[in-house]
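If you want the building blocks of each chain, they are given just below.
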Amino acid sequence: MTTKRTPIRPDARFRITPDILAAYKRARDNDDSDAELEVHVLLGRQPWQADIMHVNDDGPAPQFTRSEEAWHVEDRKQALEIRHALERASK
C-alpha cells in the first residue's frame, strides 16, 4: 500500500528563470536588500535557509565551526552551488 505523505525534503533542484536572474543581478550590483529577498523567495528557499547572497567560499562563519549541525552544512553548500550557478548564468 502506498502512502500519501509529504516528503520531508523537497527536491533540491531549481530552474534559473529570467526573473530570478534579473533579481540576482540587481541584488549583486546594487546591494539591494529587497532584491536579495526577492531572489530568496523566487528560489523557493525557506526563511531559515542560508541566504545565497551572504554565503561565501571561505567556510562556515566562526560561530558555527564547533557546534554546526549537519543540515546547516548541507544548506550552506546548496546555497553556494546556487550562487555559483547564477553567477555563471549572468555572464
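Whatever comes next refers back to the structure up there.
Notes on the structure follow. (Residues numbered from 1 in each chain as written. Predicted model: local features only at pLDDT ≥ 70, side-chain atom pairs only at ≥ 80, totals over all residues. Heavy atoms only, no water.)

Right, let's talk about the pattern of salt bridges for a bit. When the charged atoms of two side chains lie near each other, side chains of opposite charge can form a pair. Tallying each qualifying case throughout the model produces five salt bridges. With its nearest N and O atoms 2.4 Å apart, the salt bridge here joins Glu38 to Arg26. Here the residue Glu38 occupies a position in helix H2 (residues 33-42), and Arg26 occupies one in helix H1 (residues 18-30), the gap between them amounting to 12 residues. Its salt-bridge partner being Glu87, residue Arg28 comes within 3.0 Å of it at the nearest N-O pair. Of this pair, Arg28 sits in helix H1 while Glu87 sits in helix H3 (residues 70-89), and the two are 59 residues apart along the sequence. You can call Arg28 partly exposed: its relative accessible area is 32%. By relative accessible area, Glu87 is classed as partly exposed at 26%. Several salt bridges converge on common partners, so that one network encompasses Arg28, Asp29 and Glu87. (Salt bridge = Lys/Arg side-chain N within 4 Å of Asp/Glu carboxyl O. Helix = DSSP H or I, 4+ residues; strand = E, 2+ residues; numbered from the N terminus. Buried < 20%, exposed > 50% of the residue type's maximum accessible area, 1.4 Å probe, protein only.)

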